[in-house]
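Summary of structural features
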2 protein chains.
Amino acid sequence: KSAGMADAELEAPAAGRAGRAKAASRVLAAASTAVKNAVLERAAVALETPEVRTAVAAANAEDLARAAEMQLAPALVDRLVLDEKRMDAMVAGLRQVAALPDPVGALVQHRRLENGLEVARMRVPLGLIGIVYESRPNVTVDAAALCVKSGNAVVLRGGKEAFASNRALAAVFEDALRAEGLPAEAVSLVPTTDRRATKALIGLEGVLDLAIPRGGTGLIRFVTEHARVPVIQHYQGVCHVYVDGAADLDKALAIAVNAKTQRPGVCNAMETLLVDASVADAFLPKLAGAMEGVTLHADGRALPLLPGAGAAGEDAFGHEYLALELAVAVVDGLEGALAHVARHGSQHTEAIVTESYAKARRWVREVDASCVLVNASTRFNDGFQLGLGAEMGISTTKLHAYGPMGLEELCALKWVGFGEGHVRT
Amino acid sequence: KSAGMADAELEAPAAGRAGRAKAASRVLAAASTAVKNAVLERAAVALETPEVRTAVAAANAEDLARAAEMQLAPALVDRLVLDEKRMDAMVAGLRQVAALPDPVGALVQHRRLENGLEVARMRVPLGLIGIVYESRPNVTVDAAALCVKSGNAVVLRGGKEAFASNRALAAVFEDALRAEGLPAEAVSLVPTTDRRATKALIGLEGVLDLAIPRGGTGLIRFVTEHARVPVIQHYQGVCHVYVDGAADLDKALAIAVNAKTQRPGVCNAMETLLVDASVADAFLPKLAGAMEGVTLHADGRALPLLPGAGAAGEDAFGHEYLALELAVAVVDGLEGALAHVARHGSQHTEAIVTESYAKARRWVREVDASCVLVNASTRFNDGFQLGLGAEMGISTTKLHAYGPMGLEELCALKWVGFGEGHVRT
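The rules we used
Residues numbered from 1 in each chain as written. Chains lettered and ligands numbered in written order. Predicted model: local features only at pLDDT ≥ 70, side-chain atom pairs only at ≥ 80, totals over all residues. Heavy atoms only, no water. Pairing = 2+ DSSP bridges. Helix = DSSP H or I, 4+ residues; strand = E, 2+ residues; numbered from the N terminus. Axes fitted to C-alpha atoms, helices over the stretch in contact; angles between N-to-C directions. Contact = heavy atoms within 4.5 Å. Expected span 1.5 Å × (residues − 1). Polar contact = N/O pair within 3.5 Å; in protein donor to acceptor, adjacent residues only side chain to side chain. Buried < 20%, exposed > 50% of the residue type's maximum accessible area, 1.4 Å probe, protein only. Buried area = accessible area lost by both parts, 1.4 Å probe. Salt bridge = Lys/Arg side-chain N within 4 Å of Asp/Glu carboxyl O.

Let us now look at the sheet that holds strand β3 (residues 128-133) of chain B. Residue and element names in this part refer to chain B. Taken together, the four strands give an open sheet; going across it, the order is β5-β4-β3-β6, and neighbouring strands pair in parallel fashion. Single-partner strands in this sheet number two, and they are β5 (187-189) and β6 (210-214). When the angles between neighbouring strand axes are averaged without regard to direction, this sheet yields 20°. Two elements, strand β4 (residues 153-157) and β5, share three bridges in a ladder whose sense is parallel. Bridging from a neighbouring strand, Leu 156 pairs with Leu 189 of β5. Against the sheet, helix α7 (residues 163-179) makes contact with β3 and β5, and its axis sits at roughly 155° relative to β5, the strand it touches most. Sitting on the sheet, helix α9 (residues 217-226) touches β3 and β6, and the angle it makes with β6 is about 160°.

Okay, structure coming up:
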């Protein structure tokens with residue numbers, strides 16, 4: 001912490017850095033697909049060389065040593081670690097983004113008006129994007145790759161726990177940009193994690209085009225409160241699966257197990273299971289057997305039907321566990337489930353299991369969430385799964401991008417019109 | 001002004017009203033197209049009856065009397081007036097919105113993934129929209145109609161000059177909603193124009209889904225600074241027409257005259273004309289003849305070629321006149337024009353006149369504005385002209401809606417997925 005620094009000492013450099021990044025964004029916006037892909041391939045190749053791996057590992061060791069000193073929780077330490085396997089994954093991710101189609105310059109919704117004026121919307125980069133995130137250092141590489149490919153410049157403000165790792169990874173991008181004749185400032189890491197610098201960054205109306213906070217509720221609230229630029233929030237996922245009275249219980253069991261256990265630490269994992277009272281007797285005992293190793297927090301009606309479960313505490317519902325823990329409640333039909341989700345959901349991912357046409361249709365229409373599913377695991381709310389390719393995260397903001405933010409969601413659509421001397425009459 | 005009121009006295013009612021409007025938004029979101037159209041038709045019929053016209057005229061007279069007392073500028077007084085012709089226009093507008101297709105519930109981008117999961121994006125209402133605007137009372141009717149048709153509830157905070165008129169017009173909507181069995185709170189007028197109440201409204205994260213400020217720069221800055229909800233700004237239009245060296249000068253003249261004089265008081269009217277030095281001698285003397293009644297502010301290079309023009313002052317460029325005034329500058333080719341627009345434009349509407357394929361392509365790609373035109377008047381950046389039907393205004397925010405905001409732009413897209421027991425492997 002730089003508690004001794006005056007606000008002005010933090011704000012002026014932030015504005016200067018963002019100003020240079022904004023200038024770089026104009027160059028990126030005009031860069032060809034080939035050059036942008038070459039930057040990603042250079043970064044991938046660099047991250048495969050032993051020298052760079054050693055440098056990144058050394059930086060990561062620095063972060064891990066500090067984490068040990070600060071007695072960081074084991075789950076958080078695990079997110080910090082950059083081992084060979086995770087570096088391989090970053091390399092694969094870079095090549096995956098390079099292989100995606102370039103969104104920039106595409107004309108969509110083209111039409112010829114009655115008067116002969118041809119109009120369309122052109123996909124263009126947003127400009128300069130600020131990403132404010134917490135501990136995972138791989139976000140640095142993923143976010144930089146997506147921004148470069150979509151023709152945007154990016155200012156990265158990572159968490160203090162991963163500061164050295166992020167610096168080493170950002171340096172790889174800076175080198176790759178320079179080698180392709182692009183300004184290194186197109187990928188800029190904020191050189192401090194002081195919140196006053198973050199506040200200065202997200203206050204830069206007219207410079208920063210979008211702020212994306214990813215992380216805990218505190219971080220997102222801070223950004224939302226202080227931003228004077230558009231914000232797309234990536235809030236937590238309190239995802240529900242509702243097992244309807246008309247469900248195929250075998251499908252329901254498979255979906256529940258997959259949604260909870262396939263990867264419990266991510267935002268699209270199920271956190272609460274709702275069961276219609278009419279099938280609770282038949283379903284819950286099976287669930288108890290299938291959810292081995294999962295701690296179950298059951299409400300008063302579910303508890304007698306779930307051997308081994310504990311009683312749900314006051315905060316059991318609406319809670320994002322990100323672990324092998326699950327809240328379970330018995331509800332009175334679709335109405336009960338809709339009311340529970342409206343109250344406790346986080347507008348992320350909500351699934352129903354039912355064979356009823358009418359109930360499936362009501363669920364799809366009435367649930368307000370970035371992804372609403374019928375007879376499918378919540379784990380499908382994911383850019384790769386939904387066919388977008390890589391993603392920046394899952395937006396819970398309704399505007400512009402509700403759900404996974406891929407390359408197209410990192411672009412704006414401007415109107416273009418081609419006339420032959422057209423005037424209005 | 002209610003200077004004696006404590007902040008808390010203003011904030012609590014704002015939160016209560018918005019909370020009721022939010023509840024109403026859930027009802028509106030589920031309302032059928034027929035019912036929503038019936039509300040608009042009822043409002044139209046009401047605004048045709050002599051009783052309602054008399055009530056609205058009386059309220060408007062109240063506003064006009066106060067305007068005279070406050071010695072409001074004639075242009076502002078003119079915007080306030082609700083005569084028979086303007087009331088007829090509101091009625092026609094309501095029926096036009098009713099005739100547009102309902103955007104809610106449409107599935108777009110439908111695809112079947114390799115694993116058989118069918119995914120699509122469903123257009124859904126945003127929820128509760130707050131509109132903060134200035135003097136024109138017709139905005140009350142236009143905005144309410146567009147919000148109701150798109151299944152959104154709306155909180156309207158109009159200008160203090162039009163307060164009585166707005167109250168009378170909002171009452172028409174409340175009656176129409178009630179008559180169709182919908183909650184009257186779906187169209188709520190804030191009963192004070194105190195800025196603290198506005199601040200409270202736009203701070204309601206989780207209640208208000210979007211704030212749209214329309215009006216002067218001061219109002220938009222105030223909303224941007226204090227909002228904790230997404231904001232789509234409708235900033236001013238400093239629109240340019242660039243007459244290129246390769247222009248057809250007859251087309252250029254017709255476009256320039258249309259862009260400036262067809263309706264000078266609106267945001268998509270031209271405010272600055274740029275002329276390539278290579279055609280300035282040929283074009284500017286013609287322009288002077290064609291722009292009768294327009295006050296011309298010419299830069300040093302244009303002045304000798306424009307009989308009757310005055311010398312451009314320091315603030316002549318980048319200025320939104322909204323009147324029969326025009327700034328004129330001679331620039332050095334496309335590069336000069338691009339630089340001028342990048343510096344002085346407001347990301348609204350920018351047109352080039354050229355017969356050069358290469359220059360047209362560069363203009364379309366490189367100019368950052370909500371609408372970029374080739375050989376067409378800036379007046380085409382308009383919802384009706386671009387085929388959207390009625391609009392809420394022209395957004396200069398890049399996210400979500402860049403350019404005219406029609407019914408589709410008042411909706412979000414949520415993901416929906418239809419499976420048969422799909423799980424991730």
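Here we take up helix α10 (residues 249-261) of chain B. Between its first and last C-alpha atoms α10(B) spans 18 Å; for 13 residues at 1.5 Å apiece the expected length is 18 Å, and the two agree. The N-capping residue of α10(B), defined by a side-chain oxygen 2.9 Å from the backbone nitrogen of Asp250(B), is Asp248(B).

With phi around 50°, Gln71(A) is a residue other than glycine that occupies positive phi space. In this structure, Gln71(A) sits in the loop between α3 (50-69) and α4 (74-80). You will see that Asn375(B), though not glycine, has its phi angle at about 50°, which is positive. Within the secondary structure, Asn375(B) is located in strand β13 (residues 371-376).

The next point concerns α7(B). Residues and elements named next belong to chain B. The end-to-end C-alpha distance of α7, which contains 17 residues, comes to 24 Å, matching closely the 24 Å that a straight helix rising 1.5 Å per residue would cover. Those residues of α7 not exposed but buried are Phe 163, Ala 164, Ser 165, Asn 166, Ala 168, Leu 169, Ala 170, Val 172, Phe 173, Ala 176 and Leu 177. Here the buried face of α7 lies against α2 (33-48), α3 (50-69), α5 (84-99), β3, α6 (138-149) and β5. Phi turns positive one or two residues past the end of α7, at Gly 181, with a value near 75°.

Here we come to the interface of chain A and chain B. Taken residue by residue, the interface counts 70 residues in chain A and 70 residues in chain B. Approximately 5,600 Å² of surface area, both sides summed, lies buried where chain A meets chain B, with 54% of it carried by carbon and sulfur atoms. Per-residue buried area on chain A facing chain B is highest for Leu399(A), Trp415(A) and Arg424(A); these three make up 16% of the total on that side. In this assembly, chain A and chain B are joined by eight salt bridges. As a salt-bridge pair, Arg221(B) and Glu205(A) come within 3.2 Å of each other at their nearest N and O atoms. Taken together, chain A and chain B are joined by 42 residue pairs in polar contact (both at pLDDT 80 or more).

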